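An overview of the molecular structure
Letter by letter, the chains look like this.
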Amino acid sequence: MLGQMMHRPLLISSLLTHAERHHGEQEVVSRRVEGDTHRYTYRDMAARARQMADALAARGLGFGDRVATLAWNGYRHMELYYAVSGSGAVLHTINPRLHPDQVAWIANHAEDQILFFDLTFLPIIEQIARQALTVRAFVAMTDRENMPNAPHIPKLLCYEDLIAEGSDAFDWPEFDENTAAALCYTSGTTGNPKGVLYSHRSSILHSYAAALPDAMNCSACDTILPVVPMFHVNAWGLPYVACMVGAKLVFPGPWLDGKSLHELLEAERVTLSAGVPTVWQGLLAHVEATGSRFSSMSRTVIGGSACAPAMIKAFQDRYGVSVLHAWGMTEMSPLGTVCALKPVHKELHDTARLALQAKQGRVVFGIDMKIVDEDGQALPHDGKSSGELMVRGPWITSGYFKGEGGDVLVDGWFPTGDISTIDADGFMQITDRNKDVIKSGGEWIGSIELENIAMSHPDIELAACVAARHPKWDERPLLIVVKKTGAELTEAELLDHFRGKVARWWTPDGVIFVDKIPLGATGKVQKNKLREAFGNHLISHKAG
Ligand code: AMP
């Protein structure tokens, strides 16, 4: 017998309609690329998102078409989140920190029709304008007054002119909740970046879970400042969650340094923020240097890379800000676990509590996880056995866009590439990673690509690139190389070989010349051995 409840589709547009009706007066504050601060309300935002949807429809944007953004966190980006997805098209947020060739590759792979960009990223557009073959229009996210003079960019439009073409009488269409809503490419895999295609249903279910008290604990009484970029897994879902609960939203634009963030947190009375450890390090350094405090922020979500106990301690003990250590992936929308304590943990003494909070935490309802050994056998949740972490759930991808990478699931589970333990209370802790990528300041660097470049040097016989720990960036690439017999190559010469081939911040931080690189039985480089030997090299030798 089936239940008799209504089948109303879970659609992203309904989040904005809800925010407009029930929290219409709530503010959305944005620091703009133009240099000033913009403020308006959910009511204004909803009207402008409908206007933009209408304008895009009039220009022929169809159901399922991809619309790209290269943009900071701000109200115009937020309008596009709703205008594009709400119309049944797909919002494709591109990471502007990638090399322009990668941006062009991704735009072509996604077959983006329109590309919206913040003025900061004009140089990228200038480089890719002719390579991005499917883009019909490039839209500068600004007004007429601030439009760049860029005659060599074909089909350049102005955001405010475009939005003025539409009417806010536009009605959001209703369609199947499984329709694609957003697309985000991840470089956290081997080979080319791969697209993760979120649906309306998955995004709404993820928002419900993310807002829960033991997750990000969001309410209408909150003022939320997502430092995590809207081009990183939809800013961890906060643009949707904020509308769902009616929270005030504050966007930092491009100003992510400690001083700017602190000023904004204080000026707007922010209660909750979210970001990667590197950003929080800058913020903590600023408040420490200036003797400032946090007068409104009560908690901060830290994830994307492991949050060190020292950072948790500084926020909590010195500044009274609770840290919510969280783990997830682009492939998981991203939320998987949050380190929210249980009643039995409240009495823990400081050291034990910190050790627990350094774990990535327990699953939010909706996610199922297990750890397996090399044969795929499930391992016990004893806090000691470590194996590959596998996950499944309604906001986890079942494969990559256009089938790239083939079948990724193993018996219905998504292999995360993270190695972890799970303790008897369900707290997961990442201990290692078996994917060939390096995470620097929350951004991926492909080690294989760096190895290929090193190997293209005529003096190199074998090269391996590993993540070395770094006090500021968490991890940085370190090259371990074997020179050809008789070659005279220096570190500087080899690093110079990377110039122009990758984004500058991808260039390895150092080179170690060795006589031999350890190889396994199948001839594969044993990176774990290299990590063991050289993982601390940058901390002990170089880091400044
Ligand atoms: P991304 O898809 O860019 O969000 O990266 C996801 C990956 O980042 C995960 O598979 C982990 O390797 C890493 N990661 C995310 N959060 C954490 C965390 N709290 N601690 C350690 N690693 C993390």
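This text gives an overview of the structure that appears in the document. It should be emphasised that the depicted structure is a prediction, and the values quoted were computed from it without experimental measurement. (Residues numbered from 1 in each chain as written. Predicted model: local features only at pLDDT ≥ 70, side-chain atom pairs only at ≥ 80, totals over all residues. Heavy atoms only, no water.)

1. Things to note about the overall build of the protein
Our working definition: Numbering goes from the N terminus for both helices and strands, where a helix is a DSSP run of H or I of at least four residues and a strand is a run of E of at least two. Only the C-alpha atoms count toward the radius of gyration. The rule for a globule is 2.2 Å times the residue count to the power 0.38. Classification of residues uses two cut-offs on accessible area relative to the type maximum, computed with a 1.4 Å probe and protein chains only: under 20% is buried, over 50% is exposed, and between them is partly exposed. Here a residue-residue contact requires only that any non-hydrogen atoms of the pair lie within 4.5 Å. All accessibility values rest on the Shrake-Rupley procedure with a 1.4 Å probe; residue burial counts only the protein chains present in the view. Counting rule applied: Lys, Arg positive; Asp, Glu negative; His and chain ends not counted. Positions of charges follow a simple convention, taking NZ of Lys, CZ of Arg, CG of Asp or CD of Glu.
For the protein, the count of helices and strands is 17 helices and 25 strands. The globule rule puts the C-alpha radius of gyration for 544 residues at 24 Å, and the 23 Å found for the protein is close to it. The principal-axis extents of the C-alpha atoms in the protein amount to approximately 70 × 60 × 60 Å. Burial analysis of the protein (544 residues in total) assigns 59% to the buried set. Taking all contacts inside the protein whose residues are at least 6 apart in sequence as the whole, residues at least 24 apart take part in 67%. Within the structure as shown, the protein displays about 22600 Å² of accessible surface, and the carbon and sulfur contribution to it stands at 51%. On the protein, the mean spot of the 51 positive side-chain charges and the mean spot of the 63 negative ones are 2 Å from each other.

2. Digging into the pattern of salt bridges
In plain terms, the rule: Each salt bridge in this description consists of a side-chain nitrogen of Lys or Arg and a carboxyl oxygen of Asp or Glu lying within 4 Å of one another.
Under the defined criterion, the tally for this structure stands at 33 salt bridges. The shortest N-O distance in the salt bridge between R50 and E20 comes to 3.0 Å. You can see R50 sitting in helix α2 (residues 42–58) and its partner E20 sitting in helix α1 (residues 12–23), a full 30 residues away along the chain. Note on accessibility: R50 and E20 belong to one class, buried. Here E111 ties to R66 by a salt bridge, and the two come within 3.9 Å at their closest N and O atoms. Here the residue E111 occupies a position in the loop between α4 (100–110) and β5 (112–117), and R66 occupies one in strand β3 (residues 66–70), the gap between them amounting to 45 residues. The exposure class assigned to E111 is partly exposed, which follows from its relative accessible area of 34%. For R66, a relative accessible area of 16% translates into the label buried. Each of R32, E34, D36, R48, R76, E79 and E160 takes part in a single network of salt bridges with overlapping partners.

3. Things to note about the sheet that holds strand β2 (residues 37–41)
The criterion, for reference: Strands pair, by our definition, only if DSSP identifies at least two bridges between them. Between N-to-C directions, angles span 0 to 180 degrees; the directions come from axes that are lines fitted to C-alpha atoms, helices contributing only their stretch in contact.
Taken in spatial order, the nine strands make up an open sheet running β2-β1-β11-β10-β12-β13-β14-β15-β16, and their pairing is mixed. Every interior strand has two partners, whereas the edge strands, β2 and β16 (362–363), have only one. Sheet analysis places strand β13 (residues 299–302) next to strand β14 (residues 322–328), joined by four bridges and oriented parallel. Across the sheet, residue I302 finds its bridge partner in β14, namely H325. Against the sheet, helix α10 (residues 258–267) touches β1 (27–31), β10 (223–226), β11 (248–251) and β12 (272–275), its axis set at about 165° to β10.

4. Structural notes on the nonpolar core
Here is the rule we go by: Grouping buried Ala, Val, Leu, Ile, Met, Phe, Trp, Tyr and Cys residues that are joined through side-chain atoms within 4.5 Å yields what is termed a nonpolar core.
Judged by nonpolar contacts, the single largest core of 113 residues is most densely connected at Y82, F116 and F315. Considering each element in turn, this core owes the most residues, eight residues, to α2. In this structure, L70, W72, V103 and I106 belong to the second largest nonpolar core, which totals 31 residues.

5. Section: the sheet that holds strand β25 (residues 510–513)
Judged by pairing direction, the sheet is mixed, and its three strands sit side by side in the order β23-β24-β25 without closing on themselves. Whereas interior strands pair on both sides, the edge strands pair on one side only; in this sheet they are β23 (460–470) and β25. Mean inter-strand twist for the sheet, computed between neighbouring axes without regard to direction, equals 30°. Direction of pairing for β23 relative to strand β24 (residues 474–483): antiparallel, over a ladder of ten bridges. Bridging across to β24, L462 finds its partner in V482. On top of the sheet, helix α14 (residues 447–455) reaches β23 and β24; it is set at about 145° to β23, its chief contact. Strand contacts of helix α16 (residues 527–534): β23, β24 and β25, with the helix running at about 55° to β23, the strand carrying the most contacts.

6. A short note on the pairing of strand β4 (residues 90–93)
For the record, the criterion: By definition, the crossover connecting two strands over a helix is right-handed if that path, from the first strand to the second, turns clockwise as seen with the strands pointing away from the viewer.
Side chains of β4 alternate between two faces, with V90 and H92 and L91 and T93 buried alike. Relative to β4, β3 runs parallel, the two sharing four bridges. Pairing of A68 across the sheet is with H92, part of β4. In the classification by handedness, the crossover that spans β3, the intervening helix α3 (residues 75–86) and the parallel β4 is right-handed.

7. Topic: the site of the ligand
Going by this rule: Nearness here has a simple test: a residue counts as near a molecule or strand if at least one of its heavy atoms is within 4 Å of that partner. Under the rule applied, a polar contact is a pair of N or O atoms within 3.5 Å (in protein, one hydrogen donor and one hydrogen acceptor; residues adjacent in sequence only if both atoms are side-chain atoms). Three classes are used, and their members are as follows: Ala, Val, Leu, Ile, Met, Phe, Trp, Tyr, Cys and Pro are nonpolar, Asp, Glu, Lys and Arg are charged, and the others, Gly among them, are polar.
Taken together, 15 residues lie near the ligand, and A326, T330, Q360, D418 and K435 sit nearest. Within the backbone of A306, an N or O atom sits 3.1 Å from a nitrogen atom of the ligand. Side-chain polar atom of D418 to an oxygen atom of the ligand: 2.6 Å apart, as the coordinates give it. Per-element tally for the shell around the ligand: the top contributor is β14, with four residues. Residues of the shell around the ligand, tallied by class, amount to five nonpolar, six polar and four charged.

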